[in-house]
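Structural description and commentary
What follows is the residue order along each chain.
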Amino acid sequence: MKNRSSHLAESPQQLLDDLRHLVSEAEQLISGAVTEQAGEKMEALRTRFAQAQERFGELYADTRRRVVAGAQTTDAAIRAHPYESLAIAVGLGVVLGMLLRRSD
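Attention in this report is confined to the structure presented alongside it. (Residues numbered from 1 in each chain as written. Predicted model: local features only at pLDDT ≥ 70, side-chain atom pairs only at ≥ 80, totals over all residues. Heavy atoms only, no water.)

Here the focus is a nonpolar patch on the surface. A surface patch of nonpolar side chains, about 390 Å² in accessible area, is lined by Leu86, Val90, Val94 and Met98. With respect to the element layout, valine 94 can be found in helix α4 (residues 82–103). (Patch = residues over 30% accessible without salt bridge, like charges linked within 9 Å, V, L, I, M, F, W, Y side chains within 5 Å. Areas by Shrake-Rupley, 256 points an atom, 1.4 Å probe, with all protein chains shown as cover. Salt bridge = Lys/Arg side-chain N within 4 Å of Asp/Glu carboxyl O. Helix = DSSP H or I, 4+ residues; strand = E, 2+ residues; numbered from the N terminus.)

Right, dumping it as structure tokens:
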């Protein structure tokens, strides 16, 4: 499982590169002449596309899990300190308002 999480850490850029490569290979296959190897190449492309979809699904699930955990932690912190949270939000709003008003 440790190997899987390290694979997911580098996955977004690698996934995009793999998908771009798959698309370029598919375009070459479509524009090329029909041969006996076309069926084998299409099957290889389908396999690689299925693998890319699976990796994307894993990446999506991992990202969703992290976002939900962060939201739950934030919710717990706000519920534990409601007045402090409100003061921070008001303070940030005032500072942002002053900065936006100043730029006009």
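The biggest cluster of nonpolar side chains holds six residues, and these are Leu15, Leu22, Leu29, Ala38, Leu45 and Ala52. Those elements that provide at least two residues to this core are α2 (11–31) and α3 (37–80). Non-local contacts of leucine 15, meaning those with residues more than four positions away in its chain, are made with Ala52, Arg55 and Phe56. (Core = buried A, V, L, I, M, F, W, Y, C linked by side-chain atoms within 4.5 Å. Buried < 20%, exposed > 50% of the residue type's maximum accessible area, 1.4 Å probe, protein only. Contact = heavy atoms within 4.5 Å.)

With that settled, the discussion passes to the pattern of salt bridges. Under the defined criterion, the tally for this structure stands at three salt bridges. In this structure, arginine 65 engages aspartate 62 in a salt bridge whose closest nitrogen and oxygen atoms are separated by 2.6 Å. Placement of both arginine 65 and aspartate 62 in helix α3 is noted, with a separation of three residues, approximately one turn of the helix. Since its relative accessible area comes to 51%, arginine 65 is described here as exposed. Taking relative accessible area as the criterion, aspartate 62 reaches 15% and is therefore assigned buried. A salt bridge links arginine 66 to aspartate 62, with the nearest nitrogen and oxygen atoms 3.4 Å apart. One end of the pair is arginine 66 and the other is aspartate 62, both in helix α3 and four residues apart, which spans about a single turn. Judged by its relative accessible area of 56%, arginine 66 falls in the exposed class.

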